Amino acid sequence: GNKHKWKWDPTSKSHPCNIHRISHSELLRLYGDEGVPNLYPYPLVIYPDNGNSGNKNGRKAKFANLTTLGNLPSNFPADFHVTLTGSDSLSSHKRTIPLTQYLHEVLTANNDSGETLPSQLGNETWYLFGETFSDEWANFLQNYELPPCHSCTQLHREQNMIALSFGIGNIGSGVQWHLHGPGFSETIHGRKHWVLYPPQHRPEYDLDYASRHWMENTYPVLEDWTDIDLQNEKKAHEEFLQRWSKIRESRRRDNNIGKKSFSVDDMERGPSSKKPWECTINRGETIYFPDQWHHATINLEKYTVFVSSFTTEHEG
């Protein structure tokens, strides 16, 4: 194929990851059975422990099986329609088509390559994500096991304090830079690359295109992270754990727990000259995105399936 045509190749297996990665068991060891504390201040990638076969893993495997290309349509009525959204930053355009037609379009895009090109306009690039709040979707997503977090309990679910969104995209598809509250996104099939910046570094991007346009045109000219940047990133997580543990011990309620970020001031400072926080989220892995962090995503395989959990988090 056109392996060398693009500056940023979504099919590459070696995209960098500068986000802190932690195993599921290590997360619970550090923060207790509830997992990620509320308003954790940095992105985090949680990966499954190998050979950890418990009841929980059975549930994950079952959901992965329900969502294979062959099985997915059978979870819904025969002529089930899905609402697609444009991939531009505002996601303002909508289109409703049968699920089976969408799956066909995803896999056969661009002469059967199953690929979304960087030159495609976002409002012409249809994408299933976010518009999955109907009763049928809610019913189906009961099968999904929530990520490990303080605001991800069954009670949160019953009180509708967590919103789940199901998505499917092909190679190079994904949403342009945007921001919202905190949450998680788990890759169920395929692989998905995430790029993020803290609130004070709003990136410059073209509103009309999807995220791959930014990866192709802006990403390659940004500076790489230095070793010091990487060390600081690692240190920040250790410092948060220390603060969190102290507060836990004294049972004090300290409103600054999640607030300390890299920068001394959280003033809007414009785009960073450095490459973003980034990582590829493989099948079975989950990313946590902090409150109000700018982020964009690019799917890396023909059939990439993911579930995002939008949490309602409060201090403490």
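Placed above this text is the structure.
Since we're looking at a predicted model, the values are computed, not measured.

Q: Describe the state of the cysteines, with residues and values.
A: Within this structure, the stated rule accounts for 2 disulfides. Linked covalently through their sulfurs, Cys-17 and Cys-279 form a disulfide whose S-S length is 2.1 Å. Every disulfide takes its handedness from the sign of the S-S torsion; for Cys-17 and Cys-279 that torsion is -95°, giving left-handed. Remark: Cys-279 occurs in strand S9 (residues 277-282) and Cys-17 occurs in the segment before strand S1 (21-23); sequence separation between them is 262 residues. Overall, Cys-17 belongs to the partly exposed group, its relative accessible area being 34%. Judged by its relative accessible area of 1%, Cys-279 falls in the buried class.

Q: Mind laying out the sheet that holds strand S5 (residues 126-127), listing which residues take part and the relevant values?
A: If you walk across this open sheet you meet the 3 strands as S4-S3-S5, and the pairing is antiparallel. Each end of this open sheet is capped by a strand with a single partner; those strands are strand S4 (94-98) and S5. One ladder, built from 2 bridges, connects strand S3 (residues 81-86) with S5; its direction is antiparallel. The partner of Thr-85 across the bridge, within S5, is Tyr-127. Helix H3 (residues 99-112) contacts S3, S4 and S5 of the sheet and is inclined by roughly 105° relative to S4.

Q: So, the environment of Thr-218: which residues are in play, and what are the values?
A: Within the secondary structure, Thr-218 is located in the loop between helix H6 (211-217) and helix H7 (227-250). Linking Thr-218 and Glu-204, residues 14 residues apart in sequence, is a C-alpha distance of 8.5 Å. Setting aside anything within four residues of it in sequence, one finds Thr-218 in contact with Glu-204 and His-213.

Q: Give a description of the packing of aromatic side chains that names residues and reports values.
A: Within this structure, the stated rule accounts for 26 aromatic pairs. Each ring, one from Phe-76 and one from Phe-80, has its centre 4.4 Å from the other, and the planes form 10°; the classification is stacked. The exposure class assigned to Phe-76 is buried, which follows from its relative accessible area of 8%. On the basis of relative accessible area, Phe-80 is assigned to the buried category, the value being 8%. Through pairs of rings, three or more aromatic residues link up here, namely Tyr-31, Tyr-40, Tyr-42, Phe-184, Phe-240, Trp-244 and Tyr-288. The cationic tip of Lys-192 hangs over the ring face of Phe-306; the distance from NZ or CZ to the ring centre is 3.5 Å. Lying over the aromatic face of Tyr-219, Lys-275 brings its terminal NZ or CZ to 5.0 Å of the ring centre.

Q: Go over the pattern of salt bridges, please, and point to the residues and values.
A: For the structure shown, the criterion picks out 10 salt bridges. Here Glu-26 makes a salt bridge to Arg-29, at a shortest N to O gap of 2.8 Å. Of this pair, Glu-26 and Arg-29 are both found in helix H1 (residues 24-31), 3 residues apart, which corresponds to roughly one turn of the helix.

Q: Please set out the sheet that holds S9 residue by residue, giving values where relevant.
A: Taking strand neighbours across the sheet as the criterion, the 3 strands line up as S9-S8-S11 in an open arrangement whose pairing is antiparallel. The outermost strands of the open sheet, each flanked by one partner alone, are S9 and strand S11 (294-299). Ignoring which end each strand starts from, the neighbouring axes of this sheet average 20° apart. Pairing of strand S8 (residues 191-197) with S11, which is carried by 6 bridges, proceeds in the antiparallel orientation. The residue of S11 that forms the bridge with Lys-192 is Asn-299.

Q: Account for the nonpolar core, naming residues and giving values.
A: Among the nonpolar cores identified, the biggest contains 58 residues, and Val-36, Phe-63, Val-82, Tyr-102, Phe-140, Phe-166 and Ile-168 are the most heavily contacted of them. Formed by 11 residues, the second largest nonpolar core is a distinct cluster that contains Trp-8, Tyr-197, Trp-214 and Leu-222.

Q: I'd like a description of the pairing of strand S7 (residues 183-189), backed by residues and values.
A: Of all the 7 residues making up S7, 7 are buried; the element is thus mostly covered by neighbouring parts of the structure. Bridge count between S7 and strand S10 (residues 286-289): 4 bridges; the pairing is antiparallel. Along S10, the bridge assignment pairs Ser-185 with Ile-287. Strand direction decides the pairing type here: S7 and strand S12 (residues 304-311), joined by 6 bridges, are antiparallel. Counted as the bridge partner of Thr-187 is Phe-306 from S12.

What counts as what
- Residues numbered from 1 in each chain as written.
- Predicted model: local features only at pLDDT ≥ 70, side-chain atom pairs only at ≥ 80, totals over all residues.
- Heavy atoms only, no water.
- Disulfide = S-S within 2.5 Å.
- Helix = DSSP H or I, 4+ residues; strand = E, 2+ residues; numbered from the N terminus.
- Buried < 20%, exposed > 50% of the residue type's maximum accessible area, 1.4 Å probe, protein only.
- Pairing = 2+ DSSP bridges.
- Contact = heavy atoms within 4.5 Å.
- Axes fitted to C-alpha atoms, helices over the stretch in contact; angles between N-to-C directions.
- Phe/Tyr/Trp six-rings, centres within 6.5 Å; stacked < 30°, edge-to-face > 60°.
- Lys NZ or Arg CZ within 6 Å of the ring centre and 35° of its normal.
- Salt bridge = Lys/Arg side-chain N within 4 Å of Asp/Glu carboxyl O.
- Core = buried A, V, L, I, M, F, W, Y, C linked by side-chain atoms within 4.5 Å.

As far as function goes, none of this settles anything; it's purely spatial.
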